[in-house]
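Notes for the structure review
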Amino acid sequence: MRLPIRNRIAAGALAVSLLLAPGCAADKDSTAAQLEKAAIAMDQGDYSVAESVLLALCPDLATCSDDILSLLGEARMGLGGVELTNLLDQLDPANRSSSSNQVFDAMNALFGTSAITAGDVASLQSAIDNLGSIGTPTTSDQTQLAVAAATHLVASVITLTSPDNGATFNSNLVTPALASVVTADLAILVNNATAVATTLGANDLTTDLNSLLVEIEGPNGDQVISAAELTAFVGALI
């Protein structure tokens, strides 16, 4: 059983849904019981335990069920430092950044106060891979994929162009490889924009996700981010 992201990030919602599902409590070694264990671990912020449980259930990711891939994607977003509970704060206009880079700041805020590392970037890429492999994604899965891509974009830019982890940025550190990463992440946002609007409704964060492409790309409109475009964007970050 999978719930919309709004409910899944509420405390205990997914764990409770699994507890109430028929047969979930019958056998501690059953798939349902292990999914419950993973969900409870995520609810407690223990994403490494959740990841281990899910990988034990399905060591060959090519054969995993959509439910396991969805939960694994969520666990790896957590391992990447993204606190999905902060998504609720970003839906509150009172908590919006007043800087000229609201889109970038909104995605950065999902990491909380933790420093972003290369390991976080790798975990977020794994989350993207898992969520993108779901055969029949729900709108919740697609929204989570969009958030994973947006935060992966931000984390990649910060780790490669900001030696002080977001306090200042050096546009001279932009590379064609980073531009390719940003292009791939933005393509995911474009492809899942409708799901974001459906799941989150009309709010500032929805606007952020849909506007990130325009903010980085500028007036070009070809949805391919060049190193020059990304250099200009990073140079404007404050």
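Just so we're clear, the structure is a prediction, and the values are computed from it rather than from any experiment.

1. Considerations on the overall build of the protein chain
Counting its regular elements, the protein chain contains 13 helices and 0 strands. The N-to-C order of helical and strand elements in the protein chain reads α-α-α-α-α-α-α-α-α-α-α-α-α. When each of the 238 residues of the protein chain is scored for burial, the buried share is 48%. Sequence-distant contacts, at least 24 apart, represent 68% of the contacts inside the protein chain between residues at least 6 apart.

2. Let's talk about the packing of helix H9 (residues 139–161) against helix H11 (residues 193–200)
Each pair of packed helices can be summarised by the angle the axes make with each other and by the distance between the axes. At their nearest, the axes of H9 and H11 sit 8 Å apart, and the two run at 110° to each other. Looking at the two axes, H9 sits roughly perpendicular to H11. In this structure, H9 meets H11 at a crossing whose hand is left-handed. On the side of H9, the interface is formed by Thr139, Ser140, Gln142, Thr143 and Ala146, while H11 contributes Ala195, Val196, Thr198, Thr199 and Leu200. Along the lines of polarity and charge, the residues of the contact of H9 with H11 split into 4 nonpolar, 6 polar and no charged.

3. Comments concerning unusual backbone geometry
Positive phi values are uncommon outside glycine, yet Asn165 reaches one of about 60°. Checked against the element boundaries, Asn165 lands in the loop between H9 and helix H10 (176–191). Residue class for Asn165 comes out partly exposed when judged on its relative accessible area of 29%.

4. Here we look at the pattern of salt bridges
Applying the stated criterion across every chain yields a total of 1 salt bridge. Across the salt bridge formed by Glu51 and Arg76, the nearest N and O atoms sit 2.8 Å from each other. Placement of the pair is Glu51 in helix H4 (residues 47–57) and Arg76 in helix H5 (residues 66–79), with a sequence separation of 25 residues. Arg76 carries the same exposure label as Glu51, and that label is buried.

5. A word on H4
When we look at burial in H4, the residues that qualify are Tyr47, Ala50, Glu51, Val53 and Leu54. Down the axis of H4, the smallest arc covering the buried residues is 165°, so these residues share one side. At its buried positions, H4 is contacted by helix H3 (31–43) and H5.

6. Side note on the confidence of the model for the protein chain
On average, residues of the protein chain score 81 in pLDDT, and 76% of them reach the 70 mark or higher. Here residues 1–26 is a poorly scored stretch, pLDDT under 50, and it has 54 contacts once near neighbours within four places are set aside; other chains count.

7. Some points on the packing of aromatic side chains
The full count for this structure, using the stated rule, is 2 aromatic pairs. Ring centres 5.8 Å apart and planes at 85° place the aromatic pair Phe104 and Phe169 in the edge-to-face group. Taken together, the residues Phe104 in helix H7 (residues 102–109) and Phe169 in the loop between H9 and H10 connect sequence positions 65 residues apart. Grouped by ring-pair contacts, the aromatic residues Phe104, Phe169 and Phe233 constitute a single cluster.

8. Comments concerning the nonpolar core
Among the nonpolar cores identified, the biggest contains 60 residues, and Val157, Val182, Leu186, Ile216 and Leu230 are the most heavily contacted of them. The biggest single contributor to this core is H9, with 11 residues. Sequence-distant contacts of Leu230, that is, excluding residues within four places in its chain, are made with Val174, Leu178, Ala179, Val182, Ile216 and Ile225.

9. Considering the packing of H5 against helix H8 (residues 118–132)
Running from N to C, H5 and H8 cross one another at 165°; their axes reach a closest spacing of 8 Å. The orientation of H5 with respect to H8, classified from their angle, is roughly antiparallel. Crossing hand, H5 versus H8: left-handed. Facing H5, whose interface residues are Leu69, Ser70, Leu72, Gly73, Arg76, Met77 and Leu79, H8 presents Asp120, Ser123, Leu124, Ser126, Ala127, Asn130 and Leu131. When its residues are assigned to classes, the contact of H5 with H8 shows 7 nonpolar, 5 polar and 2 charged.

10. With respect to the environment of Leu54
Within the fold, Leu54 resides in helix H4. Apart from residues lying up to four places away in sequence, Leu54 is in contact with Leu35, Ala38, Ile68, Leu71, Leu72 and Ala75.

So, how was this worked out
Residues numbered from 1 in each chain as written. Predicted model: local features only at pLDDT ≥ 70, side-chain atom pairs only at ≥ 80, totals over all residues. Heavy atoms only, no water. Helix = DSSP H or I, 4+ residues; strand = E, 2+ residues; numbered from the N terminus. Buried < 20%, exposed > 50% of the residue type's maximum accessible area, 1.4 Å probe, protein only. Contact = heavy atoms within 4.5 Å. Axes fitted to C-alpha atoms, helices over the stretch in contact; angles between N-to-C directions. Parallel < 35°, antiparallel > 145°, perpendicular 65-115°, else oblique. Left-handed = near helix turned anticlockwise from the far one by under 90°. Nonpolar A, V, L, I, M, F, W, Y, C, P; charged D, E, K, R; others polar. Salt bridge = Lys/Arg side-chain N within 4 Å of Asp/Glu carboxyl O. Arc of directions from axis to C-beta. pLDDT = per-residue confidence, 0-100. Phe/Tyr/Trp six-rings, centres within 6.5 Å; stacked < 30°, edge-to-face > 60°. Core = buried A, V, L, I, M, F, W, Y, C linked by side-chain atoms within 4.5 Å.

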